[in-house]
Amino acid sequence: MPDVQQDSFLTELKDDGVEEENQTFSDTATTIDSSAGSHDNGNFVSNHPEVQLPRNLSVLYEDLEREGDETAFPAHRHRRIPSETGSEYDTDLEDLESPTKPEYDSSGIENYLKICEDMNMRPVSHFMRQTKNPSLSLRYQSLGCKKTVAITQALTSNTHVECLDLSDNDIGCDGMVSIAHMLTENYFITELSLEDNKIGLRGVANLCDVLSEHSYVKHLNLSGNGLKDPTAVVLGEMLKVNYTLNCLIVKQNQFSCNGAKAIAAALLSNDSLSELDISWNKIRSRGSEALGKMVGSNSGLISLNVSFNGLDALGAAAFVKSIKTNTQLVNLDLINTRIPGAECKELGKALDGNTTLKIIKLGNNPFKESDIEILFHGMTTCSLYIIGLEDIPLSKGLYERLQEFEKEQGVVIHYGKSGGNQRSRPMTSSALRLDEFITTNLSKLAPLILAKDKDKTGQLTITDFKECLQEAGLRLRQNELNRLVDKLNLTDRVPCKEILMGKIPTVLERMRNSAKWRTLHTESS
């Protein structure tokens, strides 16, 4: 009887794919009948010590598993298997599955709390509330270096934040180094604002090293950090190899002529930067001349702000010459740059021949009334949208003549003092503010429009178009924006392809020539 059972069991194993060499126990197994032993509380007790037991079935099962036969023992998915010691134990193959992996902390909060605990520091609640927002603003939080280091370590694993504003937090050089290190691992932050943080040359050098290799940041603001010419040289070297940065703001620093020359030389070979704000520095004629010549050769810049520097005659002549040949610049800010009145005649001729420039700001320059008349006399045809003449006294007669020029050319002139009065004329309607905003913020609008334009048609719904404007920073109340869209009589789809090409949208061009657009321009905000 036992021999028959053993032969039957061997035949069954062969059918399941067990190789004969793995069944050596059949040659050495001794027949075991019911009198050979007994089970006591689950343990097998042999009455014949000389009897050799069969090979452990659990080892056989493991052999089958290694051979990839997962169908072996289909009727024994849960069974009691005798061990070599004679004991039995339960097996459940369902329990062999690997445990579930912990969920990835995409906000970095868990890591941040652990870092704060290790540094014996109270967490910044304002930071913790915004870790899952696309825009993270920590302006005026008095972070200092220590808190900045903790925050940047947490942001290393953050996948939500795209715009990071750490302005006015006294970060210092060491804090700037931690930010630079964070950018080597975080590929999601594309906009970085570091105004008024005393980051110094070493901090900017570390940042530029990262931006030279990891090109993800598109908008960089380093204003008010007291940066000097050696830092401008470092920025220039970065601009020579970085073709991702679209906007660079370095206003209110201490760049002089050498710093301006370094940045201008870098932009001669960089056509990817579309917006440069280098206003409120210490740039004089030679540095302004270098910037002016750069404008004539650069084909990427859309907006340039050199206000509150000193162009003088040399720099002004270079800008006038470049305006004649440049076919890309849309917005040029020359407020308070000491442009001599003698350049007004040539400047008027240059503006008359330029078809791409839409906004030029010339306010607070030492222009006489005769210089203004010469300037506008040279502009027989004008493609400009806005001419800024703020803080330039105008007589009543000149004021009236400029009003006639506005009507003839369809341009809007921003006046300052009129007839010796201190009162400024109301000048910007909602429509004009929208027009100017789109012109000067193309670098911010373009990625937003691309993200909304999922079907790649170059058109957006009115709702999506309004959301893009507000996300880019348009300061219009919701009711103003709705009223503006209604009055412009826009269709269900807004053609935005021209924005991505660096030009004013076709719809605004069309509205500009309509009677309704003229009516809107005469309204006050």
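Refer to the structure above for everything that follows.
Read on for an overview of the structure. Here the structure is a predicted model, which is why all the values come from computation and not from measurement. (Residues numbered from 1 in each chain as written. Predicted model: local features only at pLDDT ≥ 70, side-chain atom pairs only at ≥ 80, totals over all residues. Heavy atoms only, no water.)

### Some details on helix 8 (residues 200-213)
Step number 1: Between its terminal C-alpha atoms helix 8 stretches 21 Å, which fits the 20 Å expected from 14 residues at 1.5 Å a residue.
Step number 2: If you check which residues of helix 8 are buried, you get G200, G203, V204, L207, C208, V210 and L211. Buried positions in helix 8, seen along its axis, are confined to an arc of 160 degrees and lie on one side of it. Residues of helix 8 that are exposed and point more than 90 degrees away from the buried face comprise D209 and E213.
Step number 3: Of the surrounding elements, those touching the buried residues of helix 8 are helix 7 (172-183), strand 7 (191-193), strand 8 (219-221) and helix 9 (229-241). (Helix = DSSP H or I, 4+ residues; strand = E, 2+ residues; numbered from the N terminus. Expected span 1.5 Å × (residues − 1). Buried < 20%, exposed > 50% of the residue type's maximum accessible area, 1.4 Å probe, protein only. Arc of directions from axis to C-beta. Contact = heavy atoms within 4.5 Å.)

### Observations concerning the sheet that holds strand 14 (residues 386-389)
Step number 1: Sheet architecture is open: 11 strands sit in the order 5-6-7-8-9-10-11-12-13-14-15, paired in parallel fashion. The strands lining the two open edges of the sheet, one partner per strand, are strand 5 (135-137) and strand 15 (412-415). Here the average twist between neighbouring strands, direction ignored, is 5 degrees.
Step number 2: In the sheet, strand 7 pairs with strand 8 via three bridges, with the strands oriented parallel. (Pairing = 2+ DSSP bridges. Axes fitted to C-alpha atoms, helices over the stretch in contact; angles between N-to-C directions.)

### Here we look at the packing of aromatic side chains
Step number 1: In total, this model carries five aromatic pairs according to the counting rule given.
Step number 2: Centroid distance F376 to F405: 4.9 Å. Interplanar angle 80 degrees. Geometry classified as edge-to-face. Taken together, the residues span a long stretch of sequence, with F376 in helix 14 (residues 369-377) and F405 in helix 15 (residues 396-409) at a distance of 29 residues. Across the pair, exposure class does not vary: F376 and F405 are buried alike. (Phe/Tyr/Trp six-rings, centres within 6.5 Å; stacked < 30°, edge-to-face > 60°.)

### Topic: the pattern of salt bridges
Should their charged atoms come close, side chains of opposite charge can pair.
Step number 1: Taken as a whole and assessed by the stated rule, the structure comprises 11 salt bridges.
Step number 2: Residues K114 and D118 are paired through a salt bridge, measuring 3.3 Å at the closest nitrogen-oxygen approach. One end of the pair, K114, and the other, D118, are both in helix 4 (residues 109-118), four residues apart, so they sit about a helical turn from each other.
Step number 3: With a relative accessible area of 56%, D118 lands in the exposed category.
Step number 4: A salt bridge links E195 to R139, with the nearest nitrogen and oxygen atoms 3.7 Å apart. On the criterion of sequence distance, the pair formed by E195 in the loop between strand 7 and helix 8 and R139 in the loop between strand 5 and helix 6 (144-155) is long-range, its members being 56 residues apart.
Step number 5: Look at E195 and you get buried, because its relative accessible area is 14%.
Step number 6: Among the charged side chains, a network of salt bridges with common partners joins R139, D165 and E195. (Salt bridge = Lys/Arg side-chain N within 4 Å of Asp/Glu carboxyl O.)

### Description of the side chain of N221
Step number 1: Relative to the elements of secondary structure, N221 occurs in strand 8.
Step number 2: Among the polar contacts listed, one links the side chain of N221 to the side chain of E195, at a separation of 3.1 Å.
Step number 3: Setting aside its immediate chain neighbours within four residues, N221 contacts L192, S193, L194, E195 and I249. (Polar contact = N/O pair within 3.5 Å; in protein donor to acceptor, adjacent residues only side chain to side chain.)

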